[in-house]
Amino acid sequence: VHTGSLPEGISLSPAYPNPVSDGMATLRYSTGSSGHVSIKVYNTLGEEVAALVDNFVESGSYTAEFILTDIPGGMYVVWMKGGGMVVERKVLVR
């Protein structure tokens, strides 16, 4: 979902809901310039458990869904990379 343009840079809002217990979390993210964006989820061992976004996007605001199929409870880290920047958020799965 794309909703307009923003200044340079990237941003990743905290997952909603957090903690997650209903099978899905929504993440809102934005980028101020067109380019490659990746959003990946890692467990506490540093293992990738989900790739939510990994493609070229136009500048603007978007949403991504973290579907918790086969994801055990625990703490996870969401990493967004784009435009030479990295943003990190934590998600607790119950």
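You'll find the structure just up there.
Description of the structure in this document. Note that the coordinates shown come from a computational prediction; the quantities given were computed from them, not determined experimentally. (Residues numbered from 1 in each chain as written. Predicted model: local features only at pLDDT ≥ 70, side-chain atom pairs only at ≥ 80, totals over all residues. Heavy atoms only, no water.)

## Re unusual backbone geometry
Filter applied, for reference: Strands are runs of DSSP state E lasting at least two residues, helices are runs of H or I lasting at least four, and both sets are numbered from the N terminus onward. Burial classification: accessible surface area is computed with a 1.4 Å probe over protein chains only, and a residue below 20% of its type maximum counts as buried, one above 50% as exposed, and the rest as partly exposed.
Residue P17 is bonded to the preceding Y16 through a cis peptide linkage, with omega at -10 degrees. Within the secondary structure, P17 is located in the loop between β1 (10–12) and β2 (24–31). With omega at 15 degrees, the peptide bond leading from N18 into P19 counts as cis. For P19, the location among the structural elements is in the loop between β1 and β2. Here D70, not a glycine, exhibits a phi torsion of approximately 60 degrees, which is positive. Relative to the helices and strands, D70 resides in the loop between β5 (60–67) and β6 (74–82). Taking the relative accessible area as the measure of exposure, D70 reaches 73% and is therefore exposed.

## Considering the side chain of N43
What counts is decided by this rule: Within 3.5 Å is the distance limit for a polar contact, defined as a pair of N or O atoms, with the added protein rule that one can donate a hydrogen and the other accept it, and that residues adjacent in sequence qualify only through two side-chain atoms.
Mapped onto the secondary structure, N43 falls in the loop between β3 (35–42) and β4 (48–57). Its relative accessible area of 17% is what places N43 among the buried residues. Within the structure, the side chain of N43 is placed 2.9 Å from the backbone nitrogen of L45, a separation counted as a polar contact.

## Focus: the sheet that holds β1
This is how it is decided: When DSSP locates at least two bridges between a pair of strands, those strands are taken to pair. Axes, fitted as lines to C-alpha atoms, cover a helix only where it is in contact. Angles between the N-to-C directions of the axes lie from 0 to 180 degrees.
Here we have 3 strands laid out as an open sheet, ordered β1-β2-β5, and antiparallel in their pairing. Strands at the two margins of the open sheet, each flanked by one partner only, are β1 and β5. Within the sheet, the average angular offset between the axes of one strand and its neighbour, ignoring direction, is 20 degrees. Pairing geometry for β2 and β5, over 8 bridges, is antiparallel.

## Remarks on the environment of I67
Spelled out, the test is: Whether two residues touch is decided by their heavy atoms; if any such pair falls within 4.5 Å, the residues are in contact.
One can find I67 in strand β5. Counting along the chain gives 41 residues from I67 to T26, while the straight-line C-alpha distance between them is 8.8 Å. The residues contacting I67, other than those within four sequence positions of it, are G23 and M24.

## Regarding the pattern of salt bridges
For clarity, the cut-off: Salt-bridge detection follows one rule: a side-chain nitrogen of Lys or Arg within 4 Å of a carboxyl oxygen of Asp or Glu.
Following the criterion strictly, the structure yields 1 salt bridge and no others. The residue K40 makes a salt bridge to E48 at a minimum N-O spacing of 3.9 Å. Given a relative accessible area of 43%, E48 falls into the partly exposed group.

## Thoughts on the packing of aromatic side chains
Short version of the rule: Centres within 6.5 Å are what make two rings of Phe, Tyr or Trp a pair, Trp counting through its six-membered ring; a difference in plane orientation under 30 degrees is then read as stacked, over 60 as edge-to-face, and the rest as tilted.
Counted under the stated rule, the structure contains 2 aromatic pairs. Between F66 and Y76, the aromatic rings sit 6.5 Å apart at their centres with planes inclined by 70 degrees, giving edge-to-face as the arrangement. Separated by 10 residues along the polypeptide, F66 in strand β5 and Y76 in strand β6 bring together distant segments of the chain. Of the residues examined, Y76 reaches a relative accessible area of 4% and is grouped as buried.

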